[in-house]
Each structure stands twice: as structure tokens, then as C-alpha cells.
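Overview (structure and organization)
Chain residues, written in single-letter form:
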Amino acid sequence: MSIVTVQLGQCGNQIGHEVFNAICSDVRGTHGLCSKKENESYHDACKERFFCEEGAEVPVARAVLVDMEPKVISQTLSMAARSGYWKYGDGSHFCQKQGSGNNWANGYSVHGPRHKEAIMNLVQKEVEKCDRLGGFFTIMSMAGGTGSGLGAFVTQCLRDAFPTSFLLNHVIWPYGTGEVIVQNYNSVLTLSHLYQSSDALLVHENDVIHKICAQLMHIKQISFRDVNQVLAHQLGSVFQPAYRAAGGSHYSRNPLGDLMEKLVPHPEFKMLGLRNIPQMPENSLAYSTFSWPGLIKHLRQMLIANAKMEEGIDWQVRPPPRGSSIPSSHSTNKPLHFNTSIANLVVLRGKDVHSADLGSFQDPSLYTSWLNPQDAFNVWKTPRAFNKYEKSASLVSNSQFLLKPLDNVVGKAWNMFASKAYIHQYTKFGIEEEDFLDSFTALEQVLSSYTSL
């Protein structure tokens, strides 16, 4: 089944380009470390998912590019075409001249309705090229105006036009120190609207990826491109083909559907976080060896201690002892900093993958009491290596990963709102104070649900 990617705003278009690049270089790589037959079926599954080859000399990405300024889209289109390995479709982009000025209301209330028809026509054209549509993957930032405001609007349009298709929003959380003065308003409005229309939100924090670039990849002057390449690697590590069942002979047909089915058992809980190990500069790979027990041990501790990367994990955090599960409202015995999960998916890629033992992830004390641990944990595997790493492991988790950042953003936005700062910039485009209050209420509900796990 095929996934249609919708790239929204500057951030969405730049990341989208890196994602297709990562997927393409992975498929072309000779580093698969697996049999020829295995490599071919991996290749075919990936192509069907992300590219269509309608008589073109290179694969064409199944993507729609949307921005309110032309610069980034024209750069993205020409960089893809210059790669010589893949490209975007000729009529697959929509851009305007004026931008959204980092104003969510401008993107949502003005540009969205004005350009709805043109954008949805492009989406429809992409959908018609798919033999079977698996769903939509949208990529957007929360801080600016186009990705966030127009992104939230387009997500609602996708939900209305394709009510039965899966819809996953990949959302970039802004730097805590700030990129835009009204980024917390934009974030609160974006998240509350996406929560209504999306099946799940896969969230990456800019601060975390920046740290990975500095501490693990040893990059001295970190550019947005460096950050986006790490992001793209993490996304590829989940969305490239893998087997759902042990010893499976067919690659999973619909990664979006499988992901939602496993990780989002209740519509109140749809915030997914992603961790991937190992991550290191390419020149260090030759000197590094990894074992499955070592990778799995690190990944599990990253989960329970809510560590963002494999360096600096707090190894003191332990799951609460068995049998101590009283209702969480009185959970005085819950260890501080322990991250409770609703559901987890681990994706393993590489050599001897079938020997990997994931029993430690099935420990009931990691999960909330209302799901059976057998249902709460799933694993996908493939013996084919991903992007030069002989062995790699990814974790997609529906857990308390995002409680703290969400609490921070809502708190900062509320403080600004209480003093009526910058509200007039939103009301002039028709977003009233009640709309803000509705958004705060919706996110307070999400916070309270995740806190009480």
C-alpha cells in the first residue's frame, strides 16, 4: 500500500526532502547485509510505499508540497531532481508569494480556505496514482504560520475528504529558547486542532535532535540540514519495510495502519515519540560493534527513564515493583521520573535479528494497567540493515515522553494569554479568545490523561 506525504511550510518541505533522500539512499545502498532475494522484496515494498514509477527514468516521490512562499519549494524540487536518483512530480506543488508571517490564524483562517481547492486537487491527483492508498503522512512545524496554521487546516480537509484513511501528522516541536515570539500560541492552536482530526501525532523536539547532532554525531556548526538528516534517518528507520510477525515472509502492507493499530488503542492518547539507536558519524562505524542484547538494554532504559538519546541515560530509574499498582491518583509509590507506557513498538533491522530477545519489553510494570502487556508491546524485524548500520533498533512509544514539553508550552502560552499579549494579531484574522480557551481546555485534558497513567 502507498503512503502520500504532504509537506507543509518551510520546515515540512525541508524535512520531507531529507526523508525521501534517506529512503532512496537506503534502497540503493549495497550495505543490505542480506540475501539478494530479501533485498529485492525490501526494494519492491519500499518503492510501492513511497514512490511511483510511471514511465519516469527515476522514481517519483508520492508527495504534495505546499508553502506560502516559493523559495523553499523551488530549492527542494531542484535538489531532488539534481540527485539523479529520485524526483518530485511535475505538478505536485503549490506555493504563493506572500507567506503567513508566523501567524497561525493567517495560515488557518485566510490561506487555508482560500487555497483549499487547489491543494486538495493536488492531493487527489496523488491519491489516484496509488493502487491502494495506505494513508497520509503530513510533515509540519508547530512554531511558524504556514506549517502550523495551514497544516492544521489541511489536516482537517484530509480527514473530511478521506474519512477512512489513516492520517499521521509528523510534528516538529520548536526550540525551547524560541524561534518565533508567538511560537507557544501557534503550538497550542496546532496541537489542539490536530488532536481532533489526526489519528496520531509523531513528535520530534528540535532541542533533542540538536543535542544528538552535537553529542553523538560530533557536528561542530549545526545547520538545519544536519538536524533534518537525523530526523529523516529516524523516520526511515520506522517506515522502511519490516516483518510484523516472527519469521514472516511478507513485508507489512500498510505501515501507517499497523502503527495506529498497535500504538493508539484510545483516541485520548495519540502522542507518539521516537527513539533510534545507534547514531554516530559514519567514520566511527568501522570501529564499532553492536550486540542485540546491548542495544535492547539501552533502548529499554531510554524508554523507562525517558532518555532522549543513548548518552546520559539515568540507569537508576527502575520500573515500580510488581503488585504495587494502586490507582494512579494515589500513586505515591511510583518512582520519580519513571515513564509509564500505553503501548510500544520496537523495530529491529540487521544481522541475526531473529536471535534478539525482547522479553524485557513485555514486563507488565512498564505499562498502564488497562492494556494486556501482550497487546501493549509489538515488534517488527527485518534481517536487512538500514542506512549503513549493521544493527539498529528504533522505538515508537505512546507514553509519557511528551508530558513535560507539552506542560511547558501550554504554561508559557497561558502566561502570555493571561496578559493578552499579541492576541490582536490573531483576532484580526478571526481567531477569537474563545478559540484560544477551547485549545487550552483540550490540551489540559490531554495532559491530565497522560499524567494519570
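All values derive from a computational prediction rather than experimental measurement.

Conventions adopted
Residues numbered from 1 in each chain as written. Predicted model: local features only at pLDDT ≥ 70, side-chain atom pairs only at ≥ 80, totals over all residues. Heavy atoms only, no water. Helix = DSSP H or I, 4+ residues; strand = E, 2+ residues; numbered from the N terminus. Buried < 20%, exposed > 50% of the residue type's maximum accessible area, 1.4 Å probe, protein only. Contact = heavy atoms within 4.5 Å. Areas by Shrake-Rupley, 256 points an atom, 1.4 Å probe, with all protein chains shown as cover. Lys, Arg positive; Asp, Glu negative; His and termini not counted. Charge placed at Lys NZ, Arg CZ, Asp CG, Glu CD. Domains from an automatic or database assignment. Buried area = accessible area lost by both parts, 1.4 Å probe. Salt bridge = Lys/Arg side-chain N within 4 Å of Asp/Glu carboxyl O. Polar contact = N/O pair within 3.5 Å; in protein donor to acceptor, adjacent residues only side chain to side chain. Nonpolar A, V, L, I, M, F, W, Y, C, P; charged D, E, K, R; others polar. Pairing = 2+ DSSP bridges. Axes fitted to C-alpha atoms, helices over the stretch in contact; angles between N-to-C directions. Phe/Tyr/Trp six-rings, centres within 6.5 Å; stacked < 30°, edge-to-face > 60°. Lys NZ or Arg CZ within 6 Å of the ring centre and 35° of its normal. Parallel < 35°, antiparallel > 145°, perpendicular 65-115°, else oblique. Left-handed = near helix turned anticlockwise from the far one by under 90°. 1 Å grid on protein atoms, 1.4 Å probe; cavity = no way out; pocket = protein on both sides within 12 Å on 5 of 7 lines; lining within 4 Å. Points joined across faces, edges and corners; volume = space filled by probe spheres on them.

Take the overall build of the protein chain next. In terms of regular secondary structure, the protein chain is built from 15 helices and 13 strands. Summarising its shape, the C-alpha atoms of the protein chain cover approximately 60 × 60 × 45 Å along the three principal directions. For the protein chain, the residues scored as buried account for 58% of the 453 residues in total. Across the protein chain, the fraction of contacts at a sequence separation of at least 24, relative to all contacts at a separation of at least 6, is 81%. Approximately 18,600 Å² of the protein chain is accessible, and the part contributed by carbon and sulfur atoms is 51%. The protein chain carries 40 positive and 41 negative side-chain charges, and their two centres are separated by 5 Å.

Its domain assignment divides the protein chain into domain 1 (2–276), domain 2 (292–322 + 339–399) and domain 3 (404–452). Centre-to-centre, using C-alpha coordinates, domain 1 lies 26 Å away from domain 3. The interface of domain 1 with domain 3 comprises 26 residues on the first partner and 24 residues on the second. Across the interface of domain 1 and domain 3, roughly 2,300 Å² is buried in total on both sides, 72% from carbon and sulfur atoms. Sorting the residues of domain 1 by area buried against domain 3 places Asn-184, Tyr-185 and Val-188 first, and these three jointly supply 30% of that buried surface. Counting the contacts that link domain 1 with domain 3 gives 0 salt bridges. Inspection of the region where domain 1 meets domain 3 yields 10 residue pairs in polar contact (both at pLDDT 80 or more). Listed by contribution, the elements that provide at least two residues to the side of domain 1 that touches domain 3 are helix H4 (104–128) and helix H6 (183–197). Of the residues belonging to the side of domain 1 that touches domain 3, the class tally is 14 nonpolar, 9 polar and 3 charged.

Turning our attention to the sheet that holds strand S2 (residues 51–52). Taken in spatial order, the 3 strands of this open sheet run S2-S3-S5, and their pairing is mixed. With partners counted over all chains shown, the strands left at the sheet margins are S2 and strand S5 (87–88), one partner each. Alignment of strand S3 (residues 60–61) against S5, held across 2 bridges, turns out to be parallel. Across the sheet, Val-60 pairs through a bridge with Lys-87, a residue of S5.

Attention shifts here to the sheet that holds strand S4 (residues 63–67). Taken in spatial order, the 10 strands make up an open sheet running S6-S4-S1-S7-S8-S9-S10-S13-S11-S12, and their pairing is mixed. If you trace the sheet from one side to the other, it starts and ends with strand S6 (93–95) and strand S12 (377–382), each paired once. Pairs of neighbouring strands in the sheet enclose a mean axial angle of 20°, with direction left out of account. Two elements, strand S1 (residues 2–8) and strand S7 (residues 133–141), share 6 bridges in a ladder whose sense is parallel.

Note on placement: Pro-321 falls in the loop between helix H11 (292–304) and strand S11 (341–350). Owing to a relative accessible area of 57%, Pro-321 belongs among the exposed residues under this scheme. When the C-alpha atoms of Pro-321 and Lys-412 are compared, they prove to be 36 Å apart, with 91 residues separating the residues in sequence.

This structure, assessed with the given rule, holds 21 aromatic pairs. Seen from their ring centres, Phe-361 and Phe-377 are 5.3 Å apart, and the 10° between their planes marks the pair as stacked. Of this pair, Phe-361 sits in the loop between S11 and helix H12 (373–376) while Phe-377 is found in strand S12, placing the two residues 16 residues apart along the sequence. As far as the burial class goes, Phe-361 and Phe-377 line up, both buried. Three or more aromatic residues joined by ring pairs make a cluster, and in this case those are Tyr-185, Trp-414, Phe-417, Tyr-426, Phe-436 and Phe-440. Just above the ring of Tyr-85 sits the side chain of Arg-28; from NZ or CZ to the centre is 3.3 Å.

Attention now goes to helix H7 (residues 206–216). Looking at H7, one finds that the buried residues are Asn-206, Val-208, Ile-209, Ile-212, Cys-213 and Leu-216. Lining the buried residues of H7 we find strand S8 (166–173), strand S9 (200–205) and helix H8 (224–239). Looking one or two residues beyond H7, the residue adopting positive phi is His-218, at roughly 55°.

So, about the pairing of S4. Within S4, 5 of the 5 residues are buried, leaving the element largely enclosed by the surrounding structure. Every second residue of S4 is oriented toward a common face, with Ala-63, Leu-65 and Asp-67 on one face and Val-64 and Val-66 on the other, all of them buried. Where S1 lies against S4, 4 bridges are found, and the strand directions are parallel. In the strand pairing of S4, Gln-7 is matched with Leu-65. In the sheet, S4 pairs with S6 via 3 bridges, with the strands oriented parallel. When the sheet's bridge partners are listed, Asp-67 is paired in S6 with Cys-95.

The next thing to look at is the packing of H4 against helix H5 (residues 146–161). It is at 8 Å that the axes of H4 and H5 come closest, and there the two elements cross at 45°. The orientation of H4 relative to H5 falls into the category oblique. With respect to the hand of their crossing, H4 and H5 are arranged in right-handed fashion. When H4 is examined against H5, the residues Trp-104, Gly-107, Tyr-108, His-111, Gly-112, Pro-113, Lys-116, Ile-119, Met-120 and Val-123 are found in contact with a partner set consisting of Ser-148, Gly-149, Leu-150, Ala-152, Phe-153, Val-154, Gln-156, Cys-157, Leu-158 and Ala-161.

Further remarks concern empty space enclosed by the protein. Under the defined criterion, the tally for this structure stands at 3 cavities of 30 Å³ or more. Here the largest cavity is characterised by a volume of approximately 100 Å³. Val-203, Glu-205, Val-208, Leu-274 and Arg-275 are, among the 13 residues lining the largest cavity, the residues nearest its centre. Elements supplying a minimum of two residues to the lining of the largest cavity: S9, H7 and strand S10 (271–277). Considering only residue class, the lining of the largest cavity consists of 7 nonpolar, 3 polar and 3 charged. In this structure, the second largest cavity encloses a volume near 60 Å³. Lining the second largest cavity are Thr-5, Val-19, Phe-20, Ile-23, Phe-50, Phe-137, Leu-235, Gly-236 and Phe-239. Within the residue set of the lining of the second largest cavity, elements represented by two or more residues are helix H1 (9–28) and H8.

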